[in-house]
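Overview (structure and organization)
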Amino acid sequence: MTSPLLPPDGVASIAAHIAAHGSVGMETGGFLLVRRSEPGAVATVAHAGSVGILRHPRQFVISAGAVEALSEWADTHGERIFSQFHSHGGRAFLSPIDRAGGIRVAGFVTTVVPDFARPQPDPTLWGWWTFANGDWQSRPPLPVGASATASRIIVFDEAGVHGQ
């Protein structure tokens, strides 16, 4: 499977979301969604909201109810969750919690954006992994594609999806 293109507005949105929470010392994150019929580009960047979302300096947790709300929304919009992103205060790595508690489904992609107080809007500086063969494997970053269609930016949590 080829990697979907990450639109520049999606990259900027991720960096801004992370900086907003990182400026107060908290991890945050969200998901990247692709169209089921045309998975060639990220169609939606979904930022975590507040209901059922826990943010701490060294931990970011999304409740099952928040993931369910996003999954239902994605299904009704012909999309699927392709990747998760979240931030760390320091370097980009997968912590033991990330390795054990992340979405461990073959082919799922996760990325860690380092330096949450000053995140760089350059995905080549982020850490990227794919779940394969029962563990997380390092992978190249998603390519940024200027020709990719503009991303839809939404906020999700247990209360639903906002900003559609």
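Residues numbered from 1 in each chain as written. Predicted model: local features only at pLDDT ≥ 70, side-chain atom pairs only at ≥ 80, totals over all residues. Heavy atoms only, no water.

**Brief notes about the overall build of the protein**
Our working rule: By definition, any uninterrupted DSSP run of H or I lasting at least four residues is a helix, any uninterrupted run of E lasting at least two residues is a strand, and each is numbered from the N terminus. Atoms counted for the radius of gyration: C-alpha only. Globule rule: 2.2 Å times the number of residues to the power 0.38. Partly exposed describes any residue whose relative accessible area lies between the buried limit of under 20% and the exposed limit of over 50%, with all areas from a 1.4 Å probe on protein chains only and scaled to the type maximum.
Regarding its fold elements, the protein presents three helices and ten strands. Ordered by position in the sequence, the α and β elements of the protein form the string α-β-β-β-β-α-β-α-β-β-β-β-β. In summary, the protein has a C-alpha radius of gyration of 14 Å against a globular reference of 15 Å for 164 residues, a match within 12%. With respect to the three principal axes, the spread of C-alpha positions in the protein is 35 × 35 × 30 Å. Evaluated residue by residue, the protein yields a buried proportion of 47% over its 164 residues.

**Some remarks on the confidence of the model for the protein**
Should the pLDDT be low somewhere, the predicted coordinates at that spot are not to be read in detail. Heads up, the condition is: Scored from 0 to 100, pLDDT records how confident the predictor is in each individual residue.
When pLDDT is averaged along the protein, the result is 94, and 96% of the positions lie at 70 or above. Here helix 3 (residues 96–101) stands out as the least confident element of the protein, with mean pLDDT 90; helix 2 (residues 64–76) is the most confident, with 98.

**Focus: the pairing of strand 7 (residues 127–132)**
When a strand is regular, its side chains alternate between the sheet's two faces. Our working rule: Here, strands pair whenever DSSP counts at least two bridges between them.
The buried count for strand 7 comes to five of six residues, which makes it a mostly enclosed element. As judged from the four bridges shared by strand 6 (residues 109–113) and strand 7, these two strands associate in the antiparallel manner. From the neighbouring strand, V109 faces strand 7, where its bridge partner is T130. Sheet topology places strand 7 next to strand 8 (residues 135–138); four bridges connect them, and they run antiparallel. Looking at the pairing, W129 lines up with S138 of strand 8. With antiparallel pairing between neighbouring strands as the criterion, strand 7 and strand 8 make up a hairpin whose turn holds two residues, including N133 at a positive phi of roughly 55°.

**Considering the sheet that holds strand 5 (residues 79–87)**
Applicable threshold: Orientation is described by lines fitted to C-alpha atoms, with helices fitted over the stretch in contact, and by angles between N-to-C directions that extend from 0 to 180 degrees. The contact criterion used throughout is that any non-hydrogen atoms of two residues lie within 4.5 Å.
In spatial order, the strands read 8-7-6-5-1-2-9-10; together these eight strands make up an open sheet with mixed pairing. Edge positions in the sheet fall to strand 8 and strand 10 (160–162), since each has one partner strand and no second. Going from strand to strand, the sheet's axes swing by 30° on average, the running direction of each strand aside. One ladder, built from five bridges, connects strand 1 (residues 29–35) with strand 2 (residues 42–48); its direction is antiparallel. Each bridged residue has a counterpart across the sheet, and for F31 the counterpart in strand 2 is A46. Sheet strands touched by helix 1 (residues 8–22): strand 1, strand 2, strand 5, strand 6 and strand 9 (152–157). Its angle to strand 2, the strand with the most contacts, is close to 5°.

**Considering the packing of aromatic side chains**
How we decide: Ring pairs are drawn from Phe, Tyr and Trp, using the six-membered ring of Trp, whenever the two centres fall within 6.5 Å, and their geometry is named by plane angle: stacked under 30 degrees, edge-to-face over 60, tilted for the rest. We count a charge as sitting over a ring when the NZ of a lysine or the CZ of an arginine lies within 6 Å of the ring centre and within 35 degrees of the ring normal.
By the definition in use, this model includes three aromatic pairs. With 5.7 Å between their ring centres and 50° between their planes, F31 and F156 make a pair best called tilted. You can see F31 sitting in strand 1 and its partner F156 sitting in strand 9, a full 125 residues away along the chain. For F31, a relative accessible area of 1% corresponds to the buried category. Lying across the ring of F93, R91 places its NZ or CZ 4.3 Å from the centre.

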